[in-house]
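# Structural overview for review
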Amino acid sequence: MLTEEQKQTWQEKGYLILRGLFSPAEVDFYRDHFMALNAQGAQASRSVAEPKPGDPLLKYPRMIHMHRWDKASLDWMLDKRIRDTMVELVGKEPYAVQTMFYFKPAGARGQALHQDNYYLRAQPGTCIAAWMAVDRCDEANGCLQLVPGSQNWPLLCTIKADTRESFTDITVPIPEGTPVESAVMEPGDVLFFNGAVVHGSLANRTTDRFRRSLIGHYVEGDAQQVGKWYHPALRMDGTRIELETSPDGMKCGTWVDEDGVERIEMTGFEMVEKASE
Ligand SMILES: O=C(O)CCC(=O)C(=O)O
């Protein structure tokens with residue numbers, strides 16, 4: 001059961017960390033499981049923007065949609081603790097659409113600021129992420145960075161990212177001085193965040209620490225459409241639910257300065273080219 005304070009944090013910031021939702025033994029299991037899958041060369045996304053020779057992400061590429069072939073990932077994605085939390089947060093049953101595992105070894109680049117629903121295209125409504133820390137994560141090894149309150153922003157038009165810092169090549173701009181919070185987390189903590197929340201992660205500047213995370217993406221249960229890469233959607237009992245495919249193009253917002261106040265104007269239009277995030 002969430003406390004009133006936790007619900008209020010979700011409402012105000014668009015995200016919430018639940019401490020110790022998974023036990024140390026469970027986290028150990030997932031860490032060893034995904035390290036073994038990586039060592040076996042299991043299917044992973046090789047899409048890394050402008051890699052240099054020796055880029056640590058080439059050895060540890062992130063895995064995407066593992067729940068389609070790995071039972072441990074499927075079980076985690078459908079876990080009752082994650083389901084119950086989301087039902088309490090949004091008041092609706094979610095549908096599960098994606099899993100990801102990030103290894104983020106020492107020296108790896110981060111991921112530039114973005115909004116998940118740019119990729120997932122859940123509508124009406126939005127998507128929700130459950131992001132479990134597998135290692136301690138902090139600013140040194142590249143924890144997540146989030147913009148509190150951005151759950152109320154529309155989708156922003158993207159611009160080119162700095163690929164010296166980010167392994168993805170697009171980002172969204174935020175006005176200078178916008179507060180950005182670091183999600184410092186311990187293994188087993190789970191961060192839930194709304195699909196419009198602007199977030200990304202810093203590079204792993206350590207020489208000896210991973211920053212691994214297991215991630216599930218969900219859509220709100222009254223969504224009728226989701227992007228083409230996210231089918232089939234699953235109910236939290238594992239059965240399939242047929243959703244329509246959302247259009248590839250969308251309206252997006254750009255910042256305009258109105259008498260010193262920045263506001264978003266919906267004058268842009270963008271096609272999603274990326275396969276999946
Ligand atoms: O873990 C990261 O570094 C970024 C993850 C992310 O952006 C996401 O889960 O949507």
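Everything below is about the structure printed above this text.
Conventions used here
- Residues numbered from 1 in each chain as written.
- Predicted model: local features only at pLDDT ≥ 70, side-chain atom pairs only at ≥ 80, totals over all residues.
- Near = placed C-beta within 6 Å.
- Nonpolar A, V, L, I, M, F, W, Y, C, P; charged D, E, K, R; others polar.
- Helix = DSSP H or I, 4+ residues; strand = E, 2+ residues; numbered from the N terminus.
- Buried ≥ 20, exposed ≤ 12 C-beta atoms within 10 Å, placed from the backbone.
- Pairing = 2+ DSSP bridges.
- Core = buried A, V, L, I, M, F, W, Y, C linked by C-beta atoms within 7 Å.
- Contact = placed C-beta atoms within 7 Å.

## Focus: the site of the ligand
Looking at the ligand, the residues that line it are Y102, G110, Q111, D116, A129, W131, L144, H199, S201, S213 and I215. Among the residues forming the shell around the ligand, the class breakdown is 5 nonpolar, 5 polar and 1 charged.

## Quick look at unusual backbone geometry
P124 follows Q123 through a cis peptide bond whose omega is -5 degrees. Note on placement: P124 falls in the loop between α6 (116-120) and β5 (127-133). Residue P232 is reached from H231 by a cis peptide bond, and omega for that bond is 0 degrees. If you trace the backbone, P232 turns up in the loop between β13 (225-226) and β14 (233-235). At H65, a residue that is not glycine, the phi angle is positive and equals roughly 60 degrees. Note on placement: H65 falls in the loop between β2 (63-64) and α4 (71-77). Here K104, not a glycine, exhibits a phi torsion of approximately 40 degrees, which is positive.

## Re the pairing of strand β18 (residues 261-271)
The element β18 is largely exposed, with a buried count of 0 among its 11 residues. With 9 bridges connecting them, strand β17 (residues 249-258) and β18 associate as antiparallel partners. Each bridged residue has a counterpart across the sheet, and for C252 the counterpart in β18 is G268. Between the antiparallel neighbours β17 and β18 lie 2 residues, among them D259 with a positive phi of about 50 degrees.

## A closer look at the nonpolar core
Grouped together as the largest cluster of nonpolar side chains are 72 residues, with contacts concentrated most on V97, F192, V219 and V226. The residues contacting V219, other than those within four sequence positions of it, are P94, Y95, V97, L120, A122, G125, C127, V226 and A233.

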